Amino acid sequence: MNCKDSDKMIPLFLTDQLRNKDLYKFLNHVNKCEECMEELTIQYLVMIGSSILEEGKSFDLREALNLLLADANKRIKRWRVLYALSYVAEALTIAAVVIILMMVVL
Ligand SMILES: [Zn+2]
C-alpha cells in the first residue's frame, strides 16, 4: 500500500467501513508511515474530535486515536488467527477426504 491508497482509506477507517483485509494493509502502512499517521490524526480531529469538542467535553485526541487504533489492531489480530485456522481446517478436511478415499480403495 502506498500513501495515496492509505489517504483514501482514512475516512473509511474513521467510519469503521474497512474490510479486514484492507484494514490490515491500512494499519500496517500508518504504523510505519509518519506522514499518513499525521494525516490520520488531522482527519480524526476534524471528523470526530470537533463534534466532541462542540459538546464541551474535554478530549485527549492522541489518547482517543490510540484507543481506536488499539481496537483495530485487536480486531485484525483476531481476524488473522481465524484466517490461519480456516486454512488448518481446510487442510484437515482434505486429509480426511484422502484418508476416506484410501480406505475405500484399499
Ligand atoms: Zn504513507
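Everything below is about the structure printed above this text.
Thresholds, definitions, all that
Residues numbered from 1 in each chain as written. Predicted model: local features only at pLDDT ≥ 70, side-chain atom pairs only at ≥ 80, totals over all residues. Heavy atoms only, no water. Core = buried A, V, L, I, M, F, W, Y, C linked by side-chain atoms within 4.5 Å. Buried < 20%, exposed > 50% of the residue type's maximum accessible area, 1.4 Å probe, protein only. Helix = DSSP H or I, 4+ residues; strand = E, 2+ residues; numbered from the N terminus. Contact = heavy atoms within 4.5 Å. Donors = N, O, S within 2.8 Å, 3.2 Å for Na, K, Ca; no water. Tetrahedral: all angles 85-135°; square planar, octahedral: opposite > 155°, others 65-115°. Axes fitted to C-alpha atoms, helices over the stretch in contact; angles between N-to-C directions. Parallel < 35°, antiparallel > 145°, perpendicular 65-115°, else oblique. Nonpolar A, V, L, I, M, F, W, Y, C, P; charged D, E, K, R; others polar.

Colleague: Teacher, can you tell me more about the nonpolar core here?
Modeller: Nonpolar side chains in soluble globular proteins generally cluster together in the buried interior. In this structure, Phe13, Leu23, Phe26, Leu27, Leu40 and Leu69 are the most contacted members of the largest nonpolar core, which totals 20 residues. Where this core is concerned, the elements lending two or more residues are helix 1 (3-14), helix 2 (20-32), helix 3 (34-54) and helix 4 (61-105). In this structure Leu23 touches Phe13, Leu18, Ala72, Arg75 and Ile76, once residues within four positions along its chain are discounted.

Colleague: Whenever I open this one, the environment of Val98 confuses me. Can you help?
Modeller: Summarising the element assignment, Val98 is placed in helix 4. Judged by its relative accessible area of 40%, Val98 is partly exposed. Separated by 53 residues in sequence, Val98 and Leu45 place their C-alpha atoms 56 Å apart.

Colleague: Got a minute to help me understand the coordination of the zinc ion in this structure?
Modeller: For a metal bound by four donors in a tetrahedral arrangement, the ideal donor-metal-donor angle is 109.5 degrees, while six donors in an octahedral arrangement ideally sit at 90 or 180 degrees. The coordination sphere of the zinc ion contains the protein donors Cys3 (SG), His29 (NE2), Cys33 (SG) and Cys36 (SG), at a distance range of 2.1 to 2.3 Å. Taken together, the four donor atoms coordinating the zinc ion and their angles of 99 to 114° define a geometry best described as tetrahedral. Here Cys3 falls in the partly exposed class, since its relative accessible area comes to 33%.

Colleague: Please clarify how the packing of helix 2 against helix 3 should be interpreted in this entry.
Modeller: Between two packed helices, what matters for the description is the angle formed by their axes and the separation of those axes. At a closest axis distance of 5 Å, the pairing of helix 2 and helix 3 adopts a crossing angle of 105°. One finds that helix 2 runs roughly perpendicular with respect to helix 3. Together, Phe26, His29, Val30, Asn31 and Lys32 of helix 2 and Glu34, Cys36, Met37 and Leu40 of helix 3 make up the contact between the two elements. Across the contact of helix 2 with helix 3, the residue classes break down as five nonpolar, two polar and two charged.

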